[in-house]
Amino acid sequence: AQSVTQLGSHVSVSEGALVLLRCNYSSSVPPYLFWYVQYPNQGLQLLLKYTSAATLVKGINGFEAEFKKSETSFHLTKPSAHMSDAAEYFCAVSESGGKLIFGQGTELSVKP
Amino acid sequence: GAGVSQTPSNKVTEKGKYVELRCDPISGHTALYWYRQSLGQGPEFLIYFQGTGAADDSGLPNDRFFAVRPEGSVSTLKIQRTERGDSAVYLCASSQDRGGEQYFGPGTRLTVT
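Residues numbered from 1 in each chain as written. Chains lettered and ligands numbered in written order. Predicted model: local features only at pLDDT ≥ 70, side-chain atom pairs only at ≥ 80, totals over all residues. Heavy atoms only, no water.

**Section: the pattern of salt bridges**
All chains considered together, the criterion is met by six salt bridges over all chains. One continuous salt-bridge network, built from bridges that share partners, spans R64(B), E83(B) and D86(B). (Salt bridge = Lys/Arg side-chain N within 4 Å of Asp/Glu carboxyl O.)

Right, here's the structure in full:
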């Protein structure tokens, strides 16, 4: 069975600092991996996805993630945090892009 | 173009009542998914439609939950004999086909009192 673990339910960074949100997955088949962002009172929005092409994936709003098979990880990073990045972030896995299995989520706070 | 829409945005009902939640997917999207998001949790898969048929309903928690998509477009999630534990945000997503990017609606917040 597939599963996702997000380390840290809450992460706080200063504006301009590096953002690192951790995600580890478990899958018996080559996974499709996703990061979604959820702003307050809004729907989930896709940030980026990995589908077995390049291991370093670039997404919207300056975010990127690196697929590391040996570590079963897909951590999300952004070099410099903006106040507008404050939101809930979800890592998800699927088999061949079907139903998504989500992690518990990480709430990102950005301090001025 | 229009995104995925869900109605109502909020629904408050009494324990034991029946509720219907509606999802209007993006036009032309053949795949439709329902998820449930409880407070402080990530979304959990409920059911997936490919066209009119439920291709995977393994996430439905029990037989009080049922969903339909009779014409391959709009879908309705139906919950019978609601319980307080059913309180959550119910999310709908659609994609052009299985494996395509899923676009999420804003959700319906269900509160069972």
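**What to know about the layout of surface pockets**
Estimated volume of the largest pocket: approximately 700 Å³. What lines the largest pocket is a set of 32 residues, and nearest its centre among them are Q38(A), N41(A), Q37(B), V89(B) and R109(B). Of all elements in the fold, only β9 (87–94) and β11 (106–111) of chain A together with β9 (88–95) and β11 (108–112) of chain B reach the threshold of two or more residues within the lining of the largest pocket. Ranked by residues supplied to the lining of the largest pocket, first place goes to β11(B) with four residues. In terms of residue class, the lining of the largest pocket is made up of twelve nonpolar, 17 polar and three charged. (1 Å grid on protein atoms, 1.4 Å probe; cavity = no way out; pocket = protein on both sides within 12 Å on 5 of 7 lines; lining within 4 Å. Points joined across faces, edges and corners; volume = space filled by probe spheres on them. Helix = DSSP H or I, 4+ residues; strand = E, 2+ residues; numbered from the N terminus. Nonpolar A, V, L, I, M, F, W, Y, C, P; charged D, E, K, R; others polar.)

**A closer look at the side chain of S73(A)**
All names here are of chain A. Residue position: S73 is located in strand β8 (residues 73–78). Classification of S73 by relative accessible area gives buried; the value is 2%. For S73, the contacting residues outside a window of four places in its chain are C23, N24, Y25, E66, F67 and K68. (Buried < 20%, exposed > 50% of the residue type's maximum accessible area, 1.4 Å probe, protein only. Contact = heavy atoms within 4.5 Å.)

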